[in-house]
Amino acid sequence: MNVRTNCRPSKMTAHELVEELILQSRRGQIISVKETIAAVRRDGPHLVVSDCELVKLIVDVAPAFGLFVAFDLRE
């Protein structure tokens, strides 16, 4: 029987979660701020960072991996 275990630490930082999500995209893609924040909130319910702090992280990290950022929070 093959049992697959989750190797993710139980409490990742906001930066680690944002980076993990961004690494799932391919170079040149557009990532949604709204969807990325929702995924961080889902995967990191222990985090107390604000949405503004998450937007800053996304804007800082995404271009380093060749991604574009869609500012779609109000849609």
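Everything below is about the structure shown above.
I will try to describe carefully the structure that is included in this document. (Residues numbered from 1 in each chain as written. Predicted model: local features only at pLDDT ≥ 70, side-chain atom pairs only at ≥ 80, totals over all residues. Heavy atoms only, no water.)

## Looking at the side chain of D72
Next up, step 1: On the secondary structure map, D72 appears in the segment after β2 (68–70).
Next up, step 2: In this structure, D72 is buried with no salt-bridge partner, the nearest side chain bearing the opposite charge being K34 at 6.5 Å.
Next up, step 3: Engagement of the side chain of D72 in a polar contact is seen with the backbone nitrogen of V33, the distance being 3.2 Å.
Next up, step 4: Contact partners of D72, with chain neighbours within four places excluded, come to S32, V33 and K34. (Helix = DSSP H or I, 4+ residues; strand = E, 2+ residues; numbered from the N terminus. Buried < 20%, exposed > 50% of the residue type's maximum accessible area, 1.4 Å probe, protein only. Lys, Arg positive; Asp, Glu negative; His and termini not counted. Salt bridge = Lys/Arg side-chain N within 4 Å of Asp/Glu carboxyl O. Polar contact = N/O pair within 3.5 Å; in protein donor to acceptor, adjacent residues only side chain to side chain. Contact = heavy atoms within 4.5 Å.)

## Observations concerning the pattern of salt bridges
Next up, step 1: Summed over all chains, the structure comprises three salt bridges.
Next up, step 2: Two residues, D51 and R41, come together in a salt bridge whose shortest N-O distance is 2.8 Å. With a gap of ten residues between them, D51 in helix α3 (residues 51–61) and R41 in helix α2 (residues 33–43) connect regions that are remote in the sequence.
Next up, step 3: You can call D51 partly exposed: its relative accessible area is 37%.
Next up, step 4: Here R42 and D43 are joined by a salt bridge, their closest N and O atoms 3.0 Å apart.
Next up, step 5: By relative accessible area, which is 57% here, R42 ends up exposed.
Next up, step 6: Here D43 falls in the partly exposed class, since its relative accessible area comes to 22%.

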